[in-house]
Amino acid sequence: MNGDNVSQREEIDYPNLQELFRDSVKRFPHRTALRMRKPSGAFRNIDYALLGERVERLRRALYDHGLRKGDRLGLISQNRPEWVEVYLAAVTMGLVIVPFDAGSASTTIVSYADFADLSALVFSGRYLDTALAAGKKMRGWRPLLICFDEPQGLERKRRRKIRFYEVECAERGHKEREEEEITPDDPAAIIFTSGTTGTPKGVTLSHRGIIANINASIRSLPIDKRDNFIAVLPFHHTYPSTCSLLSPLTVGAAVTIVEKLVGAKIIADIHDTGGTVLIGVPLLFDKLSRGIGEKLHHLPPAKRMTVTTLRGVSRTGHAMKLPLGKALFGRLREKAGLQSLRLLVSGGGPLALETANFFSELGFTIVQGYGMSENGPLITVNTEKRCDNRTAGLPVHQTDVRIADKNAEGVGEIQVYSPSLMLGYFRNEEATQEAMTEDGYLRTGDLGSFDRRGFLHILGRSKNLIVTAGGKNVYPEELELKFSESEIIGEVLIMGQRRSDGRGERVVAVCVPNYEALADEHGGTLPPDDDIRRKVRNEVSRINRKLSVYEKIEATYIREEAFEKTASGKVKRFLYGFYGEPE
């Protein structure tokens with residue numbers, strides 16, 4: 001299934017990210033490129049001209065300190081304007097940017113940095129200890145460390161240091177800088193991703209691949225210079241870096257960087273800056289919908305009844321392709337500070353249909369997509385004109401998606417071919433070959449099928465598939481979505497547990513209670529443990545009544561701590577494989 005049917009605008013055509021960024025600076029010099037709220041509450045605004053100047057100064061400084069095309073530059077930081085400047089400086093001078101997940105364990109980052117064989121490392125002051133540990137493993141006698149801030153402990157002895165403010169004030173360097181040609185197939189970024197399997201790999205993306213995915217993004221979901229993106233997800237991941245950062249900068253839009261992933265801060269930045277596009281993961285939209293829903297629940301009975309009736313009218317209109325919610329709930333969206341939002345985009349995992357419908361009923365346009373870092377990441381997306389949020393959407397521009405090794409129901413492995421595909425896994429040829437078919441398609445490891453309209457339905461990971469004693473296939477991710485609206489269970493992991501007699505697997509649920517909701521229900525204190533266990537098991541029984549016989553959950557385990565997750569919010573299932581062992 002090819003994605004050319006969702007194209008809606010002219011194709012962008014640049015040989016590399018250097019030309020793309022320079023063109024944006026030239027076309028939109030006085031438009032806001034980046035903004036972020038300062039501690040005082042006011043916003044720091046950086047227009048395209050200033051961003052271009054700052055990036056050029058940083059390029060000069062990096063060149064003066066010996067960095068050349070092909071060298072790898074690491075980056076450890078929370079989202080901030082300087083993160084963007086470093087990324088752009090690196091890729092526009094032919095360096096390979098290696099952004100790390102700042103939320104990872106220090107030992108993990110140091111291990112990745114060592115494997116990446118960095119020539120320089122840029123970091124935020126709060127990650128000083130991690131940066132110093134990584135610096136000890138960097139190549140060369142005096143590795144280059146650049147700190148955004150002014151922490152204590154970054155001595156000059158035995159390592160080179162640049163304070164970032166010195167870079168910002170730098171004049172033309174002493175060395176005459178020679179522009180080195182950047183070809184489309186040169187590496188631009190290495191993204192380390194452990195996914196849910198626990199095996200880290202460095203996804204190497206080319207200039208051609210990143211630009212192709214930017215192109216696919218803005219052709220499927222049209223944006224322009226009037227838009228203001230609310231950036232809430234960490235930029236180190238391909239999903240936000242492509243969709244929340246590089247795509248808007250390509251068309252002259254603004255990127256508002258939210259300090260923390262906190263509902264009140266997100267809403268305040270949307271309200272105060274007139275945010276138009278919010279790109280997030282399902283967990284974000286689940287939390288926002290629950291927060292809004294809770295406020296609606298506490299309305300006076302008469303108003304609550306009116307809202308319920310209007311949601312019903314909106315739901316009926318939505319089924320008839322009539323966007324009644326925009327008119328019916330305009331006042332409510334304004335009161336919530338969200339009236340400027342025109343588009344919500346969810347990715348990084350399946351969006352619960354109940355959540356999608358909630359926002360649609362209130363007049364928001366919400367769509368979900370599907371992707372993998374190995375494809376930079378976009379593969380499919382629902383569009384504003386062709387949307388069915390029960391699915392992962394339609395293949396994006398120049399992307400061919402096929403279903404391999406189909407079963408009788410038409411379900412098989414999703415495989416992808418596009419110009420966005422990675423160059424390979426960094427220094428791991430064996431893993432690269434395993435990930436690709438002989439004819440050049442990416443093996444996603446996801447199971448899915450296409451319907452007659454061309455929409456992709458994703459059923460789960462092939463490695464997570466549960467095969468029952470009767471030979472039936474159960475897709476854990478589908479069952480987990482059934483719990484998305486539960487007020488009793490906060491998190492759930494559905495797994496196959498091998499039967500002791502070897503006859504297939506039984507379906508089990510590992511549940512984390514929603515302790516906050518349970519405490520609220522119990523007057524502010526948690527109920528006794530026995531009551532919590534009873535409520536959880538009753539909730540599982542309620543869900544079971546909605547399932548087919550072969551899908552029913554046969555055992556329930558309760559854990560107190562939340563599951564450990566990846567940067568995109570997916571549970572690291574490999575950590576909990578012991579639940580699948582026979583009892």
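As the structure is a computational prediction, the values presented were derived from the model and not from experiment. (Residues numbered from 1 in each chain as written. Predicted model: local features only at pLDDT ≥ 70, side-chain atom pairs only at ≥ 80, totals over all residues. Heavy atoms only, no water.)

Draft legend 1. Representation of the sheet that holds strand β24 (residues 489-498). The strand order across the open sheet formed by three strands is β24-β25-β26, and the pairing between neighbours is mixed. Whereas interior strands pair on both sides, the edge strands pair on one side only; in this sheet they are β24 and β26 (555-558). Strand-to-strand, the axes of this sheet are offset by a mean angle of 25°, without reference to chain direction. This element, helix α18 (residues 529-544), spans β24, β25 (505-513) and β26 of the sheet and lies at about 140° to β26. (Pairing = 2+ DSSP bridges. Helix = DSSP H or I, 4+ residues; strand = E, 2+ residues; numbered from the N terminus. Axes fitted to C-alpha atoms, helices over the stretch in contact; angles between N-to-C directions. Contact = heavy atoms within 4.5 Å.)

Draft legend 2. Quick look at the layout of surface pockets. If you add up the space inside the second largest pocket, you get close to 720 Å³. The wall of the second largest pocket is formed by 27 residues, among which H318, K321, S360, E384 and C387 lie closest to the centre. At the level of elements, α11 (301-319), α12 (324-328), α14 (353-361) and β14 (366-371) are the ones that each hand at least two residues to the lining of the second largest pocket. If one sorts the elements of the lining of the second largest pocket by residue count, α14 sits on top with four residues. (1 Å grid on protein atoms, 1.4 Å probe; cavity = no way out; pocket = protein on both sides within 12 Å on 5 of 7 lines; lining within 4 Å. Points joined across faces, edges and corners; volume = space filled by probe spheres on them.)

Draft legend 3. Up close: the pattern of salt bridges. For the structure on display, the rule yields 33 salt bridges. Residue E384 pairs with R342 through a salt bridge whose shortest N-O separation is 3.7 Å. Of the two residues, E384 is situated in the loop between β15 (378-381) and β16 (394-395) and R342 in the loop between α13 (330-335) and β13 (343-346); the sequence distance between them amounts to 42 residues. Classification of R342 by relative accessible area gives partly exposed; the value is 28%. D388 is the salt-bridge partner of R390, the closest N and O atoms lying 2.8 Å from each other. A single salt-bridge network, built from bridges that share partners, covers R44, R80, E82 and D149. (Salt bridge = Lys/Arg side-chain N within 4 Å of Asp/Glu carboxyl O. Buried < 20%, exposed > 50% of the residue type's maximum accessible area, 1.4 Å probe, protein only.)

Draft legend 4. Highlighting the environment of E361. Take E361: it is sitting in helix α14. Discounting residues that sit within four places of it in the chain, E361 has contacts with R311, S314, R315, G325 and F329.

Draft legend 5. Seen up close, unusual backbone geometry. Along the chain, G376 connects to P377 via a cis peptide bond; the corresponding omega equals 5°. Position of P377 among the secondary structure elements: in the loop between β14 and β15. One non-glycine residue, D405, adopts positive backbone phi at about 55°. Backbone geometry at R427 places phi at a positive 50°, although glycine is not the residue there. With respect to the helices and strands, the residue R427 is situated in the loop between β19 (424-425) and α15 (429-435).

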